[in-house]
Amino acid sequence: FVKDVLGSNPDIFLLVGHMSISDKDNKWDNLHAAIRKPHPKTPIFIFGGRYLETVGWVSASLADDTKPLNLVRRYLDPNKDTLLRHSGVDKESFDTKIGKEFMQSFNELAEERGLDELYGCAPQTYNWNHQKYSKHAKDHVLNFYMNEVFPAVINTKDTTTGQPNPYFLLLNNGFIRGPIYKGEFTKDDKFVNTPYSQRFSYISLPRLISERVLEMIDNFQEKVDDAVTGFDTVHGSDAGQTVYSADGEEMPLTLGRYVRKEIVGKLTTTSPGYVTSGSCMQLGPEDDTTHSSPSLEIQYPPTYVHSRSPTIETLGKYHLVDLVILHRRQDRVQDVVNAAIKMHNEFCEEKWRL
């Protein structure tokens, strides 16, 4: 397939994929190099990303291949109001017949699956990525899950004694995909927030080994496999800020973009959210809607987070505890466990070796 494509002579090459453009390990470079070799002047457009936090729009003049491309691009806020403003039609005629039929079938499916089923009511908003993560932050959704949800719904009792086992809980941040907003929490919200079924595995280890495993993972948040070979780099993130509306109320941000509910009248109207500052500023403003928070940065939580049961602090170093992990991360964590045990055995007295 690739050979057939490279052997053609198109006006442009358009690449679209589920890979970020800005990642350090940029696999797009391989495709770009393969195309450039037989096609040194053909324009290449690459669209890559992972979340629908924005809608990208770009235009280019292809009239003269001897001059640089005349490019214009914009990032559109991903909502109906934005598209309505650009369509040039009024609100009553914006929805098409096909669109209405699709929404009807979608709503029927939602009713059939019971997506409006009410699970409960969140007493407050639990943020995910619009302020720097702290293990002490009670309003962070990861801490809410680890410290309140997990102990309430997962049985950690010993099957013989019936007493709760002391445990460390280690989670990958991908198991929760966004914030929980104050108010009703439905089955639909559950699928949006935690789209995967959660299965847990555990291994009984001495307390000091479990703590060493967590220490190694903390020092290699970006790539846990590096923890097996040594301590070289500590990855961190910069602090951002919370966005507030004119009346001082905190505005929830979903993946860094505020999903607007009112129609934006003109481009000069500001909307809470970060201001895009990309590598193509020479092409003009990149945000279609002017955002009001130029210093806002998305604050993704650490790749791995962990908590412990209250009784851990009363135990000795060699007391057995449960290290609880997501089942789908079992193999990766097992490598770190093996490395921690090996390190322990190399540096401790023989009687304490495992």
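Residues numbered from 1 in each chain as written. Predicted model: local features only at pLDDT ≥ 70, side-chain atom pairs only at ≥ 80, totals over all residues. Heavy atoms only, no water.

Draft legend 1. Region of the structure containing the overall build of the chain. From N to C terminus, the chain includes nine helices and twelve strands. Taken across its 354 residues, the chain has 33% of its residues classed as buried. A fraction of 65% describes how many contacts in the chain between residues 6 or more apart in sequence connect residues 24 or more apart. Summed over all atoms, the accessible surface of the chain reaches about 22,600 Å², with 53% contributed by carbon and sulfur. (Helix = DSSP H or I, 4+ residues; strand = E, 2+ residues; numbered from the N terminus. Buried < 20%, exposed > 50% of the residue type's maximum accessible area, 1.4 Å probe, protein only. Contact = heavy atoms within 4.5 Å. Areas by Shrake-Rupley, 256 points an atom, 1.4 Å probe, with all protein chains shown as cover.)

Draft legend 2. The sheet that holds strand β12 (residues 320-326), seen in detail. Here four strands make up an open sheet; going across it, the order is β8-β12-β6-β11 and the pairing mixed. The open sheet has two edge strands, β8 (200-206) and β11 (304-308), and neither has a second partner. Each strand axis lies, on average, 20° off the axis of its neighbour in the sheet, ignoring direction. Summarising the sheet, β8 and β12 pair through seven bridges and their orientation is antiparallel. Each residue of the ladder has a partner; that of I203, found in β12, is L323. Where helix α8 (residues 207-218) meets the sheet, it contacts β6 (167-172), β8, β11 and β12, and its direction lies at approximately 120° from that of β8. (Pairing = 2+ DSSP bridges. Axes fitted to C-alpha atoms, helices over the stretch in contact; angles between N-to-C directions.)

Draft legend 3. Structural view of the packing of aromatic side chains. Across all of its chains, the model carries five aromatic pairs by this definition. Ring centres of Y126 and F144 lie 4.1 Å apart, and the angle between their planes is 20°; this geometry places the pair in the stacked category. In this pair, Y126 sits in the loop between β5 (118-122) and α6 (141-153) while F144 sits in helix α6, placing the two residues 18 residues apart along the sequence. No difference in accessibility class separates Y126 from F144, as the two residues are buried. Ring centres of Y145 and F175 lie 4.8 Å apart, and the angle between their planes is 70°; on these two criteria the pair is classed as edge-to-face. Taken together, the residues span a long stretch of sequence, with Y145 in helix α6 and F175 in the loop between β6 and β7 (183-186) at a distance of 30 residues. Just as Y145 is buried, F175 falls in that class too. Pairwise contacts between aromatic rings join F150, Y167 and F200 into one cluster. (Phe/Tyr/Trp six-rings, centres within 6.5 Å; stacked < 30°, edge-to-face > 60°.)

Draft legend 4. Quick peek at the nonpolar core. Counting 20 residues, the largest nonpolar core has V141, L142, L169, L171, F175, I176 and I180 as its most contacted members. Elements with a contribution of two residues or more to this core: α6, β6 and β12. Looking at this core element by element, the count peaks at six residues for α6. Residues in contact with L169, not counting those within four places in the same chain, are M146, F150, F200, V305, H306, S307 and V324. Core analysis: the next-biggest nonpolar cluster, separate from the first, contains 19 residues, I217, Y304, I312 and V321 among them. (Core = buried A, V, L, I, M, F, W, Y, C linked by side-chain atoms within 4.5 Å.)

Draft legend 5. Focus on the packing of α8 against helix α9 (residues 330-347). Closest axis-to-axis distance for the α8/α9 pair is 9 Å, and the angle between their directions is 120°. The two elements α8 and α9 meet at a crossing, and its hand is right-handed. From α8, L208, I209, R212, V213, M216 and I217 reach across to α9, where they touch V336, V337, A339, A340, I341, M343 and H344. (Left-handed = near helix turned anticlockwise from the far one by under 90°.)

Draft legend 6. A look at the side chain of T289. Residue position: T289 is located in the loop between β9 (270-274) and β10 (290-293). A relative accessible area of 1% places T289 in the buried class. Engagement of the side chain of T289 in a polar contact is seen with the side chain of R85, the distance being 3.3 Å. (Polar contact = N/O pair within 3.5 Å; in protein donor to acceptor, adjacent residues only side chain to side chain.)

Draft legend 7. Looking closely at helix α3 (residues 80-87). Inspection of α3 places D81, T82 and L84 among the buried residues, and these make up the whole buried set. Taken end-on, α3 shows its buried residues confined to a sector of 165°, consistent with a single buried face. On its buried side, α3 packs onto β4 (70-76) and α4 (91-94). Sitting at the amino-terminal end of α3 is N79, which places a side-chain oxygen 3.2 Å from the backbone nitrogen of D81. Phi turns positive one or two residues past the end of α3, at G88, with a value near 80°. (Arc of directions from axis to C-beta.)

Draft legend 8. Expanded view of the pairing of β12. Counting buried positions along β12 yields six of seven residues, so the element is predominantly enclosed. Bridge analysis of β6 against β12 gives four bridges, and the strand direction is parallel. Bridge pairing in β12 links F168 to L323.

Draft legend 9. Structural detail: the side chain of R207. In this structure, R207 sits in helix α8. Separated by 2.9 Å, the side chains of R207 and E211 make a polar contact. When sequence neighbours within four positions are dropped, the list of residues in contact with R207 reads F168, R308, I312, E313, L315, G316, K317, H319 and V321.

Draft legend 10. Structural detail: the pattern of salt bridges. Inspection of the entire model under this criterion finds eight salt bridges. Of the charged contacts, one joins E313 and R308 as a salt bridge, the two residues approaching to 2.9 Å between their closest N and O atoms. Look at R308 and you get partly exposed, because its relative accessible area is 35%. Residues joined by salt bridges that share partners form a network here, namely R207, E211, R308 and E313. (Salt bridge = Lys/Arg side-chain N within 4 Å of Asp/Glu carboxyl O.)

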